[in-house]
Amino acid sequence: MKIRQMEAHMSIVRFIACASIAACTAIALPSALAQKKYDPGASDTEIKVGQTMPYSGPASAYGTIGKVEAAYFKKINEEGGINGRKINFISVDDGYSPPKAVEMVRRLVEQDEVLLVFQTLGTPSNTAIQKYMNAKKVPQLFVATGASKWNDPKGNPWTMGWQPNYQTEGQIYAQHILKTIPNAKIGVLFQNDDYGKDYLKGFKDGLGSKANLIVSEASYEVTDPTVDSQIVQLQSSGANVFFNITTPKFAAQAIRKAYDIGWKPVQYVNNVSISVASVLTPAGLDKSTGIISSAYVKDPTDAQWENDAAIKEWTAFMKKYYPEGNLTDNFNVYGYAVAQTLVQVLKRCGDNLTRENVMKQAASINGLEINALLPGVKINTSSSDYAPIEAVQLQRFDGQRWVRFGELMGEVR
């Protein structure tokens, strides 16, 4: 009898224990599951990232940026991914055509169901998709353009830039001209779209009451075969300063033509066309000597970085993951640095891989140091500030490499 009672008692104990475990499990499981939040494009195993890039067309020199970013994500995947998830990077060719970019981005969002769109290149293309991306509430993150419009968290909370904005850069060149060339007569060549006009506005703002120092302006369309006639026009104006607001193909043409016709102004070229490999070498290194521009990433041709740990790391990465990439092309450092920034944002998302949280993390970066950026240049964002980088340093090409001079300018944070 006692044995039966003991057995019955043990059964009750086991039942209570099992019931307690079940209750605990019932409580714990939803809590654990609640920690993982996914939007389309994210799962336990992958993070799907979309991109359009001009692998063909008039801005194809920028195509290497998409390739180096793909290579970096491959490296991250081989190292275990981001919090155990692999990046599925879908990068497609838009030919630097806004209508094509719209078509491709719609496909990425609606068919491929990417979590976010990253580094779409070009002011015209990003302008064309911005309204759609914000209506869909899909991150248009770290766009590859410095137009000031990307820093508009109230009007376009799903769009964020990365590089210094064009207007600030234009203002810095204007300030340098006013300080160093008192009798300046300025000729400007600019691409006739939002990109070119943004630079030009910043430049004029920087000149302020001295904007009349601009004696000639010439524009071009991306469909133009050359800008030779525009350079002749600027020379005939008597300009002794030349601000070259162009993408790589046209920048190389302008530099070469100015030299060939004997026009020798003090030249400034916008930062988006400073690649030794893609711009200055095609133009002619001797013909590019003396040109002034700005920098915020380390240039692989700068002898100062020969023994720099970051450039050594980048070089090793390039040789392993993108061996066909040019080691003198700073676009490959740029793409590497932006990819590093995205990886940091995704890591901070943890298991909350919603589009809203991606933007929240991107908009709460404080003093992030990416080792490919110049010393002192840090990434900072907030819910009211979508301009991650706001500092640059002037540099001059000496016929072989860019040589930086002066202090960091812009907003150093």
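Thresholds, definitions, all that
Residues numbered from 1 in each chain as written. Predicted model: local features only at pLDDT ≥ 70, side-chain atom pairs only at ≥ 80, totals over all residues. Heavy atoms only, no water. Core = buried A, V, L, I, M, F, W, Y, C linked by side-chain atoms within 4.5 Å. Buried < 20%, exposed > 50% of the residue type's maximum accessible area, 1.4 Å probe, protein only. Helix = DSSP H or I, 4+ residues; strand = E, 2+ residues; numbered from the N terminus. Contact = heavy atoms within 4.5 Å. Salt bridge = Lys/Arg side-chain N within 4 Å of Asp/Glu carboxyl O.

Asks: I'm lost on the nonpolar core in this one. Help?
Replies: Note that soluble globular proteins tend to have their nonpolar side chains buried in a common cluster. Within the largest apolar cluster, 92 residues are counted, with the highest numbers of intra-cluster contacts made by F142, W162, I186 and F203. Residue contributions to this core peak at 12 residues, all from helix 12 (residues 331–349). With residues up to four places along the chain from it excluded, the contact list for F203 reads G170, Q171, Y173, A174, I177, I186, V188, I214 and F243.

Asks: Help me understand the pattern of salt bridges in this model?
Replies: Pairs may arise between side chains of opposite charge once their charged atoms sit close together. One pass over the structure, following the stated rule, counts 13 salt bridges. Among the salt bridges present, the one from K201 reaches D205, with a minimum N-O distance of 2.7 Å. Residue K201 and its partner D205 are located together in helix 6 (residues 194–207), separated by 4 residues, close to a single helical turn. By relative accessible area, which is 43% here, K201 ends up partly exposed. Owing to a relative accessible area of 41%, D205 belongs among the partly exposed residues under this scheme. A salt bridge links K298 to D308; its shortest N-O distance comes to 3.1 Å. Remark: D308 occurs in the loop between strand 10 (292–295) and helix 11 (309–321) and K298 occurs in the loop between strand 10 and helix 11; sequence separation between them is 10 residues. Residues K298 and D308 agree in their burial class; the two are buried. Several salt bridges share partner residues, and in doing so they unite K100, E103 and R107 into one network.

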